[in-house]
Amino acid sequence: LQNSLDTQLPQRIDQARSAALNAYAQYRDRLAEIERKDKDLLNKLVEIDPARKDDTLEEIKEAVLETSNWIDRIGHYKVSVRGTRPF
């Protein structure tokens, strides 16, 4: 017992417990923040397209990727159209 007290083992255990509890509290706060942002983004998506309200995250990601790819191709099509016009 004296050896444990001399090495301050009880204090180190208590400090480790406190650190673990603080880390867990930070994790829970971050998780709540992420969930809140996800909900806000989903609400915005539903405002834009109400038919998407029951979509899974993967379906939403796929739709965003398809839209992004479509937008990226606009410049290519503009150049193609300009190239075929008589001047």
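Placed above this text is the structure.
Residues numbered from 1 in each chain as written. Predicted model: local features only at pLDDT ≥ 70, side-chain atom pairs only at ≥ 80, totals over all residues. Heavy atoms only, no water.

### Digging into the overall build of the chain
- Along the chain, the regular secondary structure elements total three helices and zero strands.
- Helices and strands appear in the chain in the N-to-C order α-α-α.
- Relative to the compact-globule value of 12 Å for 87 residues, the chain shows a C-alpha radius of gyration of 27 Å, a clear excess of over 25%.
- Once the C-alpha set of the chain is aligned to its principal axes, its extents read approximately 95 × 30 × 15 Å.
- Per element, the accessible surface of the chain, about 8,100 Å² overall, is 56% carbon and sulfur.
- Of note, the chain has its 15 positive side-chain charges centred 6 Å away from the centre of its 16 negative side-chain charges. (Helix = DSSP H or I, 4+ residues; strand = E, 2+ residues; numbered from the N terminus. Rg over C-alpha atoms; globule rule 2.2 N^0.38 Å. Areas by Shrake-Rupley, 256 points an atom, 1.4 Å probe, with all protein chains shown as cover. Lys, Arg positive; Asp, Glu negative; His and termini not counted. Charge placed at Lys NZ, Arg CZ, Asp CG, Glu CD.)

### Re the environment of Val64
- Its location among the elements puts Val64 in helix α3 (residues 57-84).
- Residue Val64 is classed as exposed on the basis of its relative accessible area of 52%.
- For the pair Val64 and Leu9, spaced 55 residues apart in sequence, the C-alpha separation works out to 54 Å. (Buried < 20%, exposed > 50% of the residue type's maximum accessible area, 1.4 Å probe, protein only.)

### Here we look at the pattern of salt bridges
- In the structure shown here, the tally under the stated rule is five salt bridges.
- Glu33 is the partner of Lys37 in a salt bridge, and the nearest nitrogen-oxygen pair spans 3.3 Å. Taken together, the positions of Lys37 and Glu33, both in helix α2 (residues 9-48) and four residues apart, correspond to about one turn of that helix.
- Overall, the relative accessible area of 49% leaves Lys37 in the partly exposed class.
- Its salt-bridge partner being Glu58, residue Lys61 comes within 3.8 Å of it at the nearest N-O pair. With a gap of three residues between them, Lys61 and Glu58 both fall in helix α3, about one helical turn apart.
- Taking relative accessible area as the criterion, Lys61 reaches 46% and is therefore assigned partly exposed.
- Taking the relative accessible area as the measure of exposure, Glu58 reaches 55% and is therefore exposed. (Salt bridge = Lys/Arg side-chain N within 4 Å of Asp/Glu carboxyl O.)

### Structural notes on the packing of aromatic side chains
- In total, this model carries one aromatic pair according to the counting rule given.
- Centre to centre, the rings of Tyr24 and Tyr27 are 5.8 Å apart; their planes meet at 35°, and the pair counts as tilted. Of this pair, Tyr24 and Tyr27 both sit in helix α2, three residues apart, which is roughly one turn of that helix.
- Given the relative accessible area of 46%, Tyr27 is considered partly exposed. (Phe/Tyr/Trp six-rings, centres within 6.5 Å; stacked < 30°, edge-to-face > 60°.)

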